[in-house]
Amino acid sequence: MTDYFIPRSAELSLCFSEPLFLQDVNDRWSLQHPQLYCPGQKNQYFNKKAFASCVMHSCYSSLILFFIPWAAMRDTVRDDGKDIANYQSFALLTQTCLLIVVFTQLCLDTYYWSAVNHFFVWGSIAAYFAITFTMYSNGMFYIFTSTFPFVGTARNSLNQPNVWLTIFLSSLLCILPVVAFRFILIQLRPTINDKVRYKMRKEVLPAPAPRRLLRRRSTRSGYAFSHSQGYGELITSQNFLMKRPLKRASLFPQTDSPIFQNQPQHYLDHQQIKKLTDSMNGGLSLLLKRRVAILVT
Amino acid sequence: DVKSYRKVQEDDDADGARVGGNEKFTNRPDNTAFTQQRLPAWQPILSAGIVIPGFVLIGLAFIGVGVALFVTSRSIQVLERDYTGDESGTPCASCANSNVQNCICTLNITVETLFKGPVFFYYGLSNYFQNYRRYGTSKDDNQLYGVLNPSDNCAPYAYNSNNQPIVPCGSIANSMFNDTFKLYQTVNGTRQEVSLDGKGIAWWTDYNIKYRNPTNNPLKDAFNGSNSGLFYRNFLINPIYWSKPAYELDTSDPSNNGFVNQDFLVWMRRAALPDFRKLYRRISQDKYPDGLPAGNYSLEITYNYRVYRFSGKKKVVFSNVSWMGGKNEFLGIAYLVVGSMCVFMSIVMLIVYAKFKFPDEE
């Protein structure tokens with residue numbers, strides 16, 4: 001019935017927004033682990049076997065989503081004795097079970113939870129309940145009487161504990177097998193994605209506090225300095241005379257933690273690394289000579 | 001070439017399309033965290049430390065809830081009696097076979113232990129498909145809200161053979177259940193009537209918001225076509241299967257008459273499944289505050305509703321309720337089963353994790 005259409009939009013907004021904002025392993029990890037591209041080349045995620053398992057999972061979910069509410073609503077009534085096994089309440093119950101299963105499945109499949117993902121997921125669930133209660137409210141019924149005949153259904157059925165218990169049961173019965181299956185598969189047959197994610201996580205967790213980057217005004221990356229100022233400014237300003245450890249330019253000027261990246265990463269090839277070390281050596285030897293000269297005088 | 005390389009560098013570090021005259025980079029997306037998919041993000045993975053304790057916790061919680069549900073369901077008392085009369089020798093067989101209007105038959109009921117109150121009295125129908133789509137759309141919500149002309153949804157129950165509008169129109173209203181019941185307790189050989197309370201048996205949103213009588217007072221005037229807002233001039237007549245018109249459904253109580261009659265509302269809220277029960281009355285708690293005491297009762301049924309043609313069955317149900325509603329053992333058993341399976345799966349996953357923990361090297 002047309003009543004189902006608008007709550008579906010909450011679900012659709014989630015389904016369409018999720019892929020737009022999905023992150024993945026970043027470019028550094030992708031370069032370090034080119035095997036990540038193999039599953040795509042071998043068509044491992046979109047083939048007949050994947051489709052068949054998807055169909056089986058869908059059949060299982062569909063059976064659960066109908067028969068659990070059916071069995072829970074047979075011959076039962078509300079806690080004040082009134083009707084709950086009517087067509088509209090049953091429809092609302094099945095619809096809510098379905099949407100919660102879809103949301104939970106999408107949460108399971110979302111590997112990178114940025115602020116945008118949080119907004120869309122929780123916003124979609126809130127939108128579904130808001131739209132449902134609005135559609136089944138008195139106001140909409142008064143304005144469009146025959147279009148919204150479900151008036152009162154949400155208020156009279158969603159305040160029953162056995163309705164919510166049915167919703168929890170059916171959603172967990174659909175989701176827990178997926179979680180268990182994925183966990184066991186990660187342990188027994190980890191794919192390259194799982195291994196890389198595990199490594200990224202291990203690297204991120206014990207990462208030290210972010211170092212203050214040596215920010216130059218021109219926001220150039222580290223390897224560019226050999227083409228411009230170099231250590232000239234440092235030496236002439238005599239800052240090196242103060243008792244502070246000299247900051248060595250690092251090969252990778254930004255931290256590796258994915259959380260703190262906000263600049264493009266630039267990587268050095270062989271010649272650039274050689275130039276860098278040569279200029280460093282040149283600068284350092286000049287520094288040492290200068291220091292010795294000052295000490296002597 | 002150092003110069004061109006530096007120029008590329010300058011363009012590279014400037015943001016977005018604000019590049020001095022280099023058209024190669026006008027379509028480049030902005031170098032912000034949002035557009036370059038570098039927003040700070042939480043990256044959960046299914047680690048053993050979360051999944052296995054999670055399964056154990058969920059399993060134990062489900063087992064706890066399942067036990068509570070099962071115990072509660074067991075404590076609910078239900079008494080059912082079939083009175084279809086489809087076979088000879090069963091109660092009301094005489095009424096089922098005769099075509100007499102308002103045939104009265106009696107059902108003897110014995111209550112063994114105190115039936116704790118509040119006791120609800122339902123009538124049940126089997127093999128009755130109120131969820132059939134053509135049946136379900138055959139009603140007019142506008143009419144039941146006070147605008148009395150029937151809509152086309154109600155066809156063929158919108159106008160009768162004389163082209164008079166039917167109020168309330170449609171198949172659902174036409175098939176309204178019309179058996180009536182009276183309950184008597186046999187005390188010392190005499191019959192004492194058990195008073196039944198029919199107030200507020202439908203949803204409050206139904207009789208306060210969804211259904212409304214026409215504003216004429218008395219209600220009968222709305223049905224003689226004299227209301228100037230209506231375009232027809234005929235009498236509005238009752239549905240074909242009804243024995244009395246809508247404004248005579250309960251003449252003793254105007255708030256229970258017409259479209260807001262509680263029995264009518266209960267019937268109009270159509271059932272989802274082919275075996276259903278609908279609330280008829282409550283045992284009023286004036287004389288029986290604790291519920292129905294043990295003893296013999298006789299139920300006097302006015303048998304009007306014919307179900308023989310579609311092999312339907314009729315029954316009466318006495319039931320009390322709890323926080324989880326009526327008696328339904330499925331939820332308790334399902335929770336117990338799922339909880340045990342969760343605990344079992346967590347043990348399996350623990351074994352798998354302990355034996356096959358995947359190695360750190362590539």
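Cut-offs used in this document
Residues numbered from 1 in each chain as written. Chains lettered and ligands numbered in written order. Predicted model: local features only at pLDDT ≥ 70, side-chain atom pairs only at ≥ 80, totals over all residues. Heavy atoms only, no water. UniProt positions renumbered as here; feature names shortened; annotations may be inferred. Helix = DSSP H or I, 4+ residues; strand = E, 2+ residues; numbered from the N terminus. Contact = heavy atoms within 4.5 Å. Buried area = accessible area lost by both parts, 1.4 Å probe. Polar contact = N/O pair within 3.5 Å; in protein donor to acceptor, adjacent residues only side chain to side chain. Nonpolar A, V, L, I, M, F, W, Y, C, P; charged D, E, K, R; others polar. Pairing = 2+ DSSP bridges. Patch = residues over 30% accessible without salt bridge, like charges linked within 9 Å, V, L, I, M, F, W, Y side chains within 5 Å. Areas by Shrake-Rupley, 256 points an atom, 1.4 Å probe, with all protein chains shown as cover. Salt bridge = Lys/Arg side-chain N within 4 Å of Asp/Glu carboxyl O. Disulfide = S-S within 2.5 Å. Buried < 20%, exposed > 50% of the residue type's maximum accessible area, 1.4 Å probe, protein only.

Draft legend 1. Just the UniProt feature "transmembrane region" (unreviewed entry) in chain B, in detail. All names here are of chain B. Look at the UniProt record and you will see "transmembrane region" (unreviewed entry) annotated at residues 45-71 and 333-354. Helix and strand shares over residues 45-71 are 89% and 0% respectively, and the end C-alpha atoms of the span are 38 Å apart. Segment residues 333-354 splits into 100% helix and 0% strand. End C-alpha atoms: 32 Å apart.

Draft legend 2. A look at the interface of chain B and chain A. Each side of the interface is counted separately: chain B has 76 residues, and chain A has 83 residues. Surface buried jointly by chain B and chain A totals about 7300 Å² across both partners, of which 61% is contributed by carbon and sulfur atoms. Scanning the region where chain B abuts chain A turns up 16 residue pairs in polar contact (both at pLDDT 80 or more). Put simply, the parts of the chain that give the side of chain B that touches chain A at least two residues each are helix 1 (2-13), strand 1 (41-42), helix 2 (48-75), strand 5 (120-126), helix 6 (204-210), strand 9 (276-283) and helix 8 (329-356) of chain B. Ranked by residues supplied to the side of chain B that touches chain A, first place goes to helix 8 of chain B with 12 residues. Broken down by class, the residue content of the side of chain B that touches chain A amounts to 46 nonpolar, 13 polar and 17 charged. Sheet analysis places strand 1 (residues 113-114) of chain A next to strand 1 of chain B, joined by 2 bridges and oriented antiparallel.

Draft legend 3. Structural view of a nonpolar patch on the surface. A contiguous nonpolar surface patch, about 280 Å² in accessible area, is contributed by L63, F66 and F67 of chain A. Mapped onto the elements of the fold, L63 of chain A is located in helix 4 (residues 48-73).

Draft legend 4. The state of the cysteines, seen in detail. Enumeration according to the criterion identifies 3 disulfides over all chains in this entry. In this model C92 of chain B forms its disulfide with C105 of chain B; the gap between the sulfur atoms is 1.9 Å. Judged by the sign of its S-S torsion, about 80°, the bond between C92 of chain B and C105 of chain B is right-handed. Within this pair, whereas C92 of chain B is found in the loop between strand 2 (78-82) and helix 3 (93-97), its partner C105 of chain B is found in strand 3 (residues 103-111), the two being separated by 13 residues in sequence. The exposure class assigned to C92 of chain B is buried, which follows from its relative accessible area of 5%. There is a disulfide in this structure between C154 of chain B and C169 of chain B, and the S-S distance comes to 1.9 Å. Note that C154 of chain B is positioned in the loop between helix 4 (133-136) and helix 5 (171-174) and C169 of chain B in the loop between helix 4 and helix 5, a separation of 15 residues in sequence. The connectivity of the disulfide-linked cysteines in chain B, indexed sequentially, is 1-4, 2-3, 5-6. In this model C54 of chain A remains outside any disulfide bridge; the closest cysteine sulfur is found in C59 of chain A, 9.9 Å from its own. Distance from the sulfur of C174 of chain A, which forms no disulfide, to the nearest cysteine sulfur (C97 of chain A) is 8.5 Å. On the basis of relative accessibility, which here comes to 1%, the residue C174 of chain A falls in the buried class.

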